[in-house]
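# Working through the structure, step by step
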Amino acid sequence: MEKKDLKNFTLAGLEAYISGLGKERFRAKQIFKWLYQMDATGFSQMTNVSKEFRSALEESAVISNLEPEVVEASQDGTRKYLFRLEDGAAVESVLIPDEGRNTLCISSQVGCAMGCAFCLTGSFGLSRNLSTAEIVNQVCAVKRDQPVRNIVFMGMGEPLANLSAVIPAVQILTDPDGFQFSTRKVTVSTCGLVPEMAELGRGVTVNLALSLNATTDEVRSQIMPVNRRYPLQQLLAACKAFPLPSRRWITIEYVLIRYLNDTLEDAKRLVRLISNIPSKVNLIPFNEHAGCAFRSPTQEAIDRFHKYLLDKNVTVITRSSRGSDISAACGQLKGRLDD
Ligand code: SAH
Ligand code: SF4
């Protein structure tokens, strides 16, 4: 029988597994703490667990681990980690420092199937989903290197296209016996898979970010094929219905692309679209990459857009392009080294 990877289990899953071995369920908490609070990578480290129980576990289970193959440091402090997975595929995680409140951006898939026209990750298509263990192991590995305050699922992949691994990963991240992140410090970002947004909300309490990126169905469908399945009206209704952690807002991400969606008319439509959704807007000036014809907006267009939202009392930040010198900025992750 194939051995189970303990890092694929939520606490409830581990309890069921352990009672299936004929052992007391309460031991699951102990093991869970060893994995995520003490960062144990082997059974022998679990010194307060009886030898007999440890060897029973060892016979049927393994503890997987990831070590970064490469760590690149940007001049601005951003760090990019490349992880080689067991089958040779690779994913990246990016740590973004912000006055001591480090945010870790993790990947949920190798590549992405959603095909957004502006995104480098998307241009490679989907290789495969990550397992829960591969998702949480990114966090284990980066925490060994740097403190981590917030987690965002904004690396490679569409997290809502891999809910069966992402929901357990969020549970492990926010479990008081696991990583202990507050639900307010974990954010899942989506391009707008409407039924899966509802499913995520039913499964876990977590922040939601929506990559909106356009204010008309015409433009959105042009740059985000997902919009042909779930157009704006349905999408915004799903946002409104999403059960956020208390006192939280939906993050509306808006990649500003020159001439395409950066006009004052767009800013006006955006304000109207989100007027009845508790939200804050992140403006992300498009990061150019080879093989993509879109251009970054002018500083003037960024300022005009930003100011219009501010004047309408929308909470808005313009995200500075962090880590672009090491290809770690939004939409620049491709899971391999620069040629
Ligand atoms: N698939 C999810 C999460 C990963 S993408 C999603 O789409 O939300 C993370 C963010 O990077 C998204 O908001 C996306 O719109 C943005 N992005 C993608 N390519 C970009 C680029 N070239 N420049 C700036 N932002 C980009
Ligand atoms: Fe996939 Fe998100 Fe990139 Fe779209 S923006 S292709 S959903 S990773």
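Residues numbered from 1 in each chain as written. Chains lettered and ligands numbered in written order. Predicted model: local features only at pLDDT ≥ 70, side-chain atom pairs only at ≥ 80, totals over all residues. Heavy atoms only, no water.

## Examining the domain arrangement of the chain
Our working definition: Domain limits in this description derive from either an automatic procedure or a database domain assignment. Any pair of residues with heavy atoms lying within 4.5 Å of one another is described as a contacting pair. Summed over both partners, the accessible area (1.4 Å probe) lost when two parts come together is defined as the buried area.
Partitioning the chain into domains gives domain 1 (4-62) and domain 2 (68-326). The C-alpha centroid of domain 2 is placed 33 Å from the C-alpha centroid of domain 1. At the junction of the two partners, domain 1 supplies 13 residues and domain 2 supplies 17 residues. Interface area, domain 1 with domain 2, both sides summed: about 1,200 Å², of which 54% is carbon and sulfur.

## Examining the layout of surface pockets
Formally: Put plainly, a pocket is an open set of points on a 1 Å grid over the protein atoms alone with protein on both sides within 12 Å along at least five of seven lines, a cavity is a set where a 1.4 Å probe fits but cannot get out, and a lining residue has an atom within 4 Å of a point. Grid points are joined across faces, edges and corners, and a volume is the space filled by probe spheres set on the points. Secondary structure elements follow DSSP: runs of H or I of four or more residues count as helices, runs of E of two or more count as strands, with numbering from the N terminus. Any residue outside Ala, Val, Leu, Ile, Met, Phe, Trp, Tyr, Cys, Pro, Asp, Glu, Lys and Arg is labelled polar, Gly included; the first ten of those are nonpolar and the last four are charged.
By volume, the second largest pocket amounts to about 280 Å³. In this structure, the second largest pocket is lined by 13 residues; those nearest its centre are D5, S64, E86, A133 and E134. Ranked by residues supplied to the lining of the second largest pocket, first place goes to helix α5 (residues 132-145) with three residues. Per-class residue counts for the lining of the second largest pocket are four nonpolar, five polar and four charged.

## Concerning the site of ligand 1
To keep it simple, the criterion reads: Any residue with a heavy atom positioned within 4 Å of a molecule or strand is treated as near that molecule or strand. Each polar contact in these results corresponds to two N or O atoms within 3.5 Å; when the atoms are within protein, one needs to be able to donate a hydrogen and the other to accept it, and residues that are neighboring in sequence are counted only if both atoms are side-chain atoms. Only the protein chains shown count as cover for residues, with accessible areas throughout obtained via the Shrake-Rupley method and a probe of 1.4 Å.
Taken together, 21 residues sit near ligand 1, with F118, G157, S189, S211 and N287 positioned nearest. At 3.5 Å from an oxygen atom of ligand 1 is found a main-chain nitrogen or oxygen belonging to T190. Summarising the interface, the protein chains cover 95% of the accessible area of ligand 1, which totals 540 Å² for the free molecule. Elements with a contribution of two residues or more to the shell around ligand 1: β10 (186-190) and β12 (250-256). For the shell around ligand 1, the per-class residue count stands at ten nonpolar, nine polar and two charged.

## Concerning the pattern of salt bridges
Convention followed: Whenever a carboxyl oxygen of Asp or Glu lies within 4 Å of a side-chain nitrogen of Lys or Arg, that contact is scored as a salt bridge. For the exposure calls, accessible area comes from a 1.4 Å probe over protein chains only, and a residue counts as buried if that area is under 20% of its type's maximum, exposed if over 50%, partly exposed in between.
Applying the stated criterion across every chain, the model contains 18 salt bridges. Between R79 and D145 there is a salt bridge, and its shortest N-O distance comes to 3.0 Å. In this pair, R79 is assigned in strand β4 (residues 79-84) and D145 in helix α5, connecting sequence segments 66 residues apart. Residue R79 is classed as partly exposed on the basis of its relative accessible area, which comes to 21%. By relative accessible area, D145 is classed as partly exposed at 34%. Residue R101 is joined to D98 by a salt bridge in which the shortest nitrogen-to-oxygen separation is 3.5 Å. Counted as one network, the salt bridges with shared partners bring together K29, K33 and D177.

## Describing the site of ligand 2
Ligand 2 sits among C112, M114, G115, C116, F118, C119, G122, G157, E158 and C191. Its residues assigned to classes, the shell around ligand 2 comprises six nonpolar, three polar and one charged.

## Observations concerning the packing of aromatic side chains
Short version of the rule: Any two rings among Phe, Tyr and Trp, with Trp reduced to its six-membered ring, count as a pair given centres within 6.5 Å; such a pair is stacked if its planes are under 30 degrees apart, edge-to-face if over 60, and tilted if neither. Charges are assigned to positions over rings by a cutoff of 6 Å between ring centre and Lys NZ or Arg CZ, combined with an angular limit of 35 degrees from the ring normal.
Following the criterion strictly, the structure yields seven aromatic pairs and no others. Taking 4.9 Å as the distance between ring centres and 45 degrees as the angle between the ring planes, the aromatic pair formed by Y36 and F179 counts as tilted. Taken together, the residues span a long stretch of sequence, with Y36 in helix α2 (residues 27-36) and F179 in the loop between α6 (163-174) and β10 at a distance of 143 residues. Residue F179 is classed as buried on the basis of its relative accessible area of 7%. Grouping aromatic residues by their ring pairs yields a cluster made of F32, Y36, F179 and F181. Between R27 and the ring centre of F53, over which it is positioned, the NZ or CZ distance is 5.0 Å.

## Thoughts on the pairing of strand β3 (residues 68-73)
When a strand is regular, its side chains alternate between the sheet's two faces. Counted only if it meets this: In this analysis, strands are considered paired if DSSP registers two or more bridges between them.
Relative to β4, β3 is paired through five bridges, and the arrangement is antiparallel. Looking at β4, one finds that A73 is bridged to R79. Counted along the chain from β3 to the antiparallel partner β4, the turn is five residues long, and its residue G77 has a positive phi close to 100 degrees.

## Quick word on the packing of helix α11 (residues 264-273) against helix α12 (residues 299-311)
Cut-off, in case you're wondering: Lines fitted to the C-alpha atoms define the axes, with helices restricted to the stretch that makes contact. Angles between their N-to-C directions range from 0 to 180 degrees. Orientation is classified from the angle alone, with under 35 degrees giving roughly parallel, over 145 giving roughly antiparallel, 65 to 115 giving roughly perpendicular, and any other angle giving oblique. Should the near helix be turned counterclockwise from the far one by less than a right angle, the crossing is left-handed, whereas a clockwise turn marks it as right-handed.
Relative to each other, α11 and α12 sit at 30 degrees, their axes nearing to 9 Å. Classified by the angle their axes make, α11 and α12 are roughly parallel. Seen from above, α11 lies across α12 with right-handed handedness. Note on element contacts: α12 touches α11 through R304, F305, Y308 and L309, opposite L264, D266, A267, K268, L270 and V271. In the contact of α11 with α12, the residues fall into seven nonpolar, no polar and three charged.

## Brief notes about the nonpolar core
For clarity, the cut-off: Remark: nonpolar core denotes a set of buried residues (Ala, Val, Leu, Ile, Met, Phe, Trp, Tyr, Cys) joined through side-chain atoms within 4.5 Å.
If you look at the biggest cluster of nonpolar residues, it comprises 111 residues, and the most contacted ones within it are L6, I151, F153, L200 and L309. Among the elements that line this core, the one with the most residues is α6, at eight residues. Sequence-distant contacts of I151, that is, excluding residues within four places in its chain, are made with L104, I106, V139, L173, F181, K185, V186 and T187.

## Concerning the sheet that holds strand β9 (residues 150-153)
Strand order in the open sheet made by the ten strands is β3-β4-β5-β6-β9-β10-β11-β12-β13-β14, with mixed pairing throughout. The open sheet has two edge strands, β3 and β14 (315-318), and neither has a second partner. Each strand axis lies, on average, 20 degrees off the axis of its neighbour in the sheet, ignoring direction. Both strand β6 (residues 103-105) and β9 contribute to a ladder of three bridges, which runs parallel. When the sheet's bridge partners are listed, C105 is paired in β9 with V152. Set on the sheet, α6 makes contact with β9 and β10; between it and β9 the angle comes to about 175 degrees.

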